[in-house]
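Residues per chain are reported as follows:
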Amino acid sequence: MKPILWLAPFLVASFLALPISSPAQWIPIVAKQRKLVYQVNPDASEVLVSERRGTFFRTSSGSVIRTLFNVKGGQTQGKGSSILIDAQSGKTFSLNHKRRSAQVSSYVRQPPLLPTPRGDLSDDRVTGSDTINGVECIALKCYEGGFDDDNVVPGKVWINVAHDLVVKSDCVWFSTRRSVTELYDIEFREPDASVNFSVPEGYTVRSQ
């Protein structure tokens, strides 16, 4: 089984949009998102080293766009960056809005994207259940590599099976970084027509 590298933002963003059950179509989502990264000190104290906030949109066709902005002094900074998953092509793009560039992932899913069952929700991975930001979730262990006891790291990942959604992950990586990524203010509806689910016009597209 391929490992899930939760630390890498590009892969985390993709994983948070992955299907978990197999309904007839994707369940559309409109939500806010945040990502906090803490330095974990030898005495177990923590210092916030990075804060990013933004939006998460998913259509009933399966296209996803996640946008994050750096936060300083409580205010968002710059033009931000996005991860775009195009359901029709199966391609994933990393968008840099300041540079007006789009990097295409070398991994391409078979289009069009369809929800598929998750085969990794075994009893030894599930640790309980919680309501996270108003959504009923099951809690899973965090892993740095494959789903093996030797790869378990402190923390949990919360997913909502019925709505095909990873709502939150809170994991400690390499014993020195705690990364918390979550969706909140979640609504199960189609995004507004103003949300762009394609690479913006004029962006330079590069392959990974």
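These lines cover the structure that appears in this document, whether it is placed above or below. As the structure is a prediction and not an experimental result, all values here were calculated from the model. (Residues numbered from 1 in each chain as written. Predicted model: local features only at pLDDT ≥ 70, side-chain atom pairs only at ≥ 80, totals over all residues. Heavy atoms only, no water.)

## Section: the environment of N70
Then comes step 1: For N70, the location among the structural elements is in strand β3 (residues 64-72).
Then comes step 2: In this structure the C-alpha to C-alpha distance between N70 and S81, which are eleven residues apart in sequence, comes to 9.2 Å.
Then comes step 3: Apart from residues no more than four positions distant in its own chain, N70 is found in contact with E51, R52, Q75, T76 and Q77.
Then comes step 4: In terms of polar contacts, N70 uses its side chain to reach the side chain of R52, at 3.4 Å. (Helix = DSSP H or I, 4+ residues; strand = E, 2+ residues; numbered from the N terminus. Contact = heavy atoms within 4.5 Å. Polar contact = N/O pair within 3.5 Å; in protein donor to acceptor, adjacent residues only side chain to side chain.)

## Describing the pattern of salt bridges
Then comes step 1: In the structure shown here, the tally under the stated rule is seven salt bridges.
Then comes step 2: The closest approach of N and O atoms between R34 and E182, which form a salt bridge, is 2.9 Å. Of this pair, R34 sits in strand β1 (residues 29-40) while E182 sits in strand β11 (residues 177-187), placing them 148 residues apart in sequence.
Then comes step 3: For D170, the salt bridge goes to R178, with nearest N and O atoms at 2.9 Å. We note that D170, like R178, is buried.
Then comes step 4: It is possible to trace a salt-bridge network through shared partners that takes in E46, D170 and R178. (Salt bridge = Lys/Arg side-chain N within 4 Å of Asp/Glu carboxyl O. Buried < 20%, exposed > 50% of the residue type's maximum accessible area, 1.4 Å probe, protein only.)

That is the geometry; function is a separate question.
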